[in-house]
Amino acid sequence: MGGLTVIDIFRALQEQLNQTPHLLRLGRLFSETVLIEVEGQEFYLTFEKGHLLDIAQGPSRKTPWRFALRTDADALQQFWQARPAAGFHDIFGLVKIGRGQIDGDILCLVKNLRFFKEFMGLARPKTGSAA
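Quick look at the structure, then. (Residues numbered from 1 in each chain as written. Predicted model: local features only at pLDDT ≥ 70, side-chain atom pairs only at ≥ 80, totals over all residues. Heavy atoms only, no water.)

### Let's talk about unusual backbone geometry
- The omega torsion of the bond from Gly58 to Pro59 falls at 10 degrees, within 30 degrees of zero and hence cis.
- Tracing the backbone through its elements, the reader meets Pro59 in the loop between β3 (51-57) and β4 (67-71).
- Even without being glycine, Lys49 reaches a positive phi, approximately 50 degrees.
- Within the secondary structure, Lys49 is located in the loop between β2 (41-48) and β3. (Helix = DSSP H or I, 4+ residues; strand = E, 2+ residues; numbered from the N terminus.)

Structural data, given as structure tokens:
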């Protein structure tokens, strides 16, 4: 992450999402607020038809969210590596290894899983083609 804060990374993801047409198509039916909690810091990501409209820092008891991903900063940093280690490669992998928790409307997450996973993966550095 190289000195960037989590909110800076989400702002960069917002830009990248706007430049990723296939991901915008995947998310065209996704209009929800998602809570990402990193070591107690809350970030509310509000999506509208696949576009990330707003990133608000919490805590907030007034902001409704559909589902939440809770993790620690080190796990998130490992998740955002170009080639994450086993368990850090996927949001459900984080849960499986005890480094993440998913709360809320799991059905909503599952219905939009590819969009959300690819969105979160936008922060990974791009690697060259496989040999």
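After that view, the rundown keeps rolling.
### Overview of the pattern of salt bridges
- One pass over the full model with this rule turns up nine salt bridges.
- Note that Glu32 is salt-bridged to Arg66, the shortest N-O span being 3.0 Å. Residue Glu32 is found in the loop between α2 (21-26) and β1 (33-38), and its partner Arg66 is found in the loop between β3 and β4; the two are separated by 34 residues along the sequence.
- For Arg99, the salt bridge goes to Asp74, with nearest N and O atoms at 2.9 Å. Remark: Asp74 occurs in helix α3 (residues 73-79) and Arg99 occurs in the loop between α4 (91-96) and β5 (100-104); sequence separation between them is 25 residues.
- The class for Arg99 is partly exposed, based on a relative accessible area of 25%. (Salt bridge = Lys/Arg side-chain N within 4 Å of Asp/Glu carboxyl O. Buried < 20%, exposed > 50% of the residue type's maximum accessible area, 1.4 Å probe, protein only.)

### With respect to the pairing of β1
- Counting buried positions along β1 gives six out of six residues, so the element sits mostly inside the fold.
- Covered by surrounding structure in β1 are Thr33, Leu35 and Glu37 together with Val34, Ile36 and Val38, the residues of both alternating faces.
- With six bridges connecting them, β1 and β2 associate as antiparallel partners. Paired with Glu37 across the two strands is Glu42, which belongs to β2.
- Relative to β4, β1 is paired through five bridges, and the arrangement is parallel. The partner of Val34 across the bridge, within β4, is Phe67. (Pairing = 2+ DSSP bridges.)

### Observations regarding the sheet that holds β5
- Taken together, the five strands give an open sheet; going across it, the order is β3-β2-β1-β4-β5, and neighbouring strands pair in mixed fashion. Here the strands that pair on one side only, and so sit at the sheet edges, are β3 and β5. Shown here is a sheet whose adjacent strand axes are inclined to one another by a mean of 20 degrees, direction ignored.
- Each of β1, β2 and β3 touches helix α1 (residues 6-18); the most contacted strand, β3, lies at about 170 degrees to it. (Axes fitted to C-alpha atoms, helices over the stretch in contact; angles between N-to-C directions. Contact = heavy atoms within 4.5 Å.)

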